[in-house]
Amino acid sequence: AMDSLLQIDPDYQSDSEAKLEQLMVQNSEDLPMEPTYEFNTNVVYQMELVSEENSSVVDYGMWFSENENYMATQVKNIQSEDKNQQEMPASMLSVIDEKNKTMIIFMEEQKIGQVISMEKIKEIAVQENAEDNTNTDFQGLKKTGKTKKILGYTCEEFVSTNDDNNFSIWVTDELELFQKNMFYNISESLGGNTFQNIPKDAKGFMMEMHFQNLKNGEKGKMIVTEINKQSKSINTKEYQFMNLSQFMKN
């Protein structure tokens with residue numbers, strides 16, 4: 001159920017429920033968070049993943065704020081052959097809080113939440129990558145010189161290849177709100193320095209990405225389908241924080 005957060009690397013898609021449960025056994029009371037999280041822009045991505053066993057299309061929203069220290073993701077719709085994936089609760093909002101180095105999962109309907117340490121997420125990701133022998137690092141990101149418009153914004157293409165993956169990323173610098181490179185932050189907290197080698201001119205907002213895993217043939221794409229000025233506010237005092245792993249089970 002962490003797919004909404006871990007969309008950057010398709011290798012993170014596997015065993016996500018077990019991983020989430022492993023993260024959620026910790027007590028969340030000691031971890032810091034903000035009293036409120038305010039968002040003013042919602043970006044909808046459609047992600048399509050194709051592997052030998054399964055194909056799925058996931059629509060999810062990313063929430064952004066003028067406060068650059070946090071952002072959030074929320075799955076809107078899953079069409080998948082995998083029944084486990086389909087049952088992920090739609091009322092679940094995951095906030096990635098860079099300042100406090102925490103991820104907070106809010107179950108909005110039930111008004112319950114859980115705080116997870118980014119360090120803990122990183123530990124598990126590093127350990128998983130080592131076990132899978134997966135190379136998550138970009139070998140530099142190179143500009144191809146190609147441009148195209150997506151939703152009216154001019155985007156430039158960057159490509160990257162390593163032993164395991166091919167990436168093609170379309171980035172725009174025409175969206176003021178998104179000058180901070182959020183993908184760098186997420187990837188670093190997930191234990192890869194995947195976006196460490198991003199050249200300065202690629203640090204805009206990612207509008208489209210195509211990837212292919214050369215080892216197992218998995219491939220996928222993410223494309224921005226909507227950008228909406230929309231307000232959302234989460235008041236953490238309204239939530240009871242507890243261990244959510246039981247809610248992830250059927």
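The rules behind these values
- Residues numbered from 1 in each chain as written.
- Predicted model: local features only at pLDDT ≥ 70, side-chain atom pairs only at ≥ 80, totals over all residues.
- Heavy atoms only, no water.
- Phe/Tyr/Trp six-rings, centres within 6.5 Å; stacked < 30°, edge-to-face > 60°.
- Helix = DSSP H or I, 4+ residues; strand = E, 2+ residues; numbered from the N terminus.
- Buried < 20%, exposed > 50% of the residue type's maximum accessible area, 1.4 Å probe, protein only.
- Polar contact = N/O pair within 3.5 Å; in protein donor to acceptor, adjacent residues only side chain to side chain.
- pLDDT = per-residue confidence, 0-100.
- Contact = heavy atoms within 4.5 Å.
- Pairing = 2+ DSSP bridges.

Caption draft 1: Highlighting the packing of aromatic side chains. Within this structure, the stated rule accounts for 10 aromatic pairs. Note on Y37 and Y70: the rings are 4.9 Å apart at their centroids and 80° apart in plane angle, and the pair reads as edge-to-face. Remark: Y70 occurs in strand β3 (residues 70-80) and Y37 occurs in strand β1 (residues 36-50); sequence separation between them is 33 residues. In this structure Y37 comes out as buried when scored by relative accessible area, which is 0%. With a relative accessible area of 8%, Y70 lands in the buried category. Ring plane angle 85° and centroid distance 5.6 Å describe the contact between F64 and F205, whose orientation is recorded as edge-to-face. Separated by 141 residues along the polypeptide, F64 in strand β2 (residues 55-64) and F205 in strand β10 (residues 205-213) bring together distant segments of the chain.

Caption draft 2: How the structure looks around the environment of N213. Structurally, N213 is set in strand β10. A residue is classified by how much of its surface remains accessible, and N213, at 3% relative accessible area, is buried. When the C-alpha positions of N213 and F167 are compared, they lie 9.0 Å apart, and in sequence the two are 46 residues distant. At 3.1 Å, the side chain of N213 forms a polar contact with the backbone nitrogen of N216.

Caption draft 3: The confidence of the model for the protein chain, seen in detail. The pLDDT averaged across the protein chain works out to 76; a share of 66% of its residues lies at or above 70. The weakest mean pLDDT in the protein chain belongs to helix α4 (residues 182-189) at 49; the strongest belongs to strand β7 (residues 142-150) at 94. Segment residues 1-14 is flagged for pLDDT under 50; beyond a separation of four residues in sequence, or across chains, it makes 57 contacts in the model.

Caption draft 4: The sheet that holds strand β4 (residues 92-97), seen in detail. Spatially, the 12 strands line up as an open sheet ordered β7-β8-β9-β10-β11-β1-β2-β3-β4-β5-β6-β12, and their pairing is mixed. Looking along the sheet, the strands with just one partner apiece sit at the ends: β7 and β12 (240-241). Sheet analysis places strand β9 (residues 165-172) next to β10, joined by 8 bridges and oriented antiparallel. The residue bridging N166 from the neighbouring strand is Q212, located in β10.

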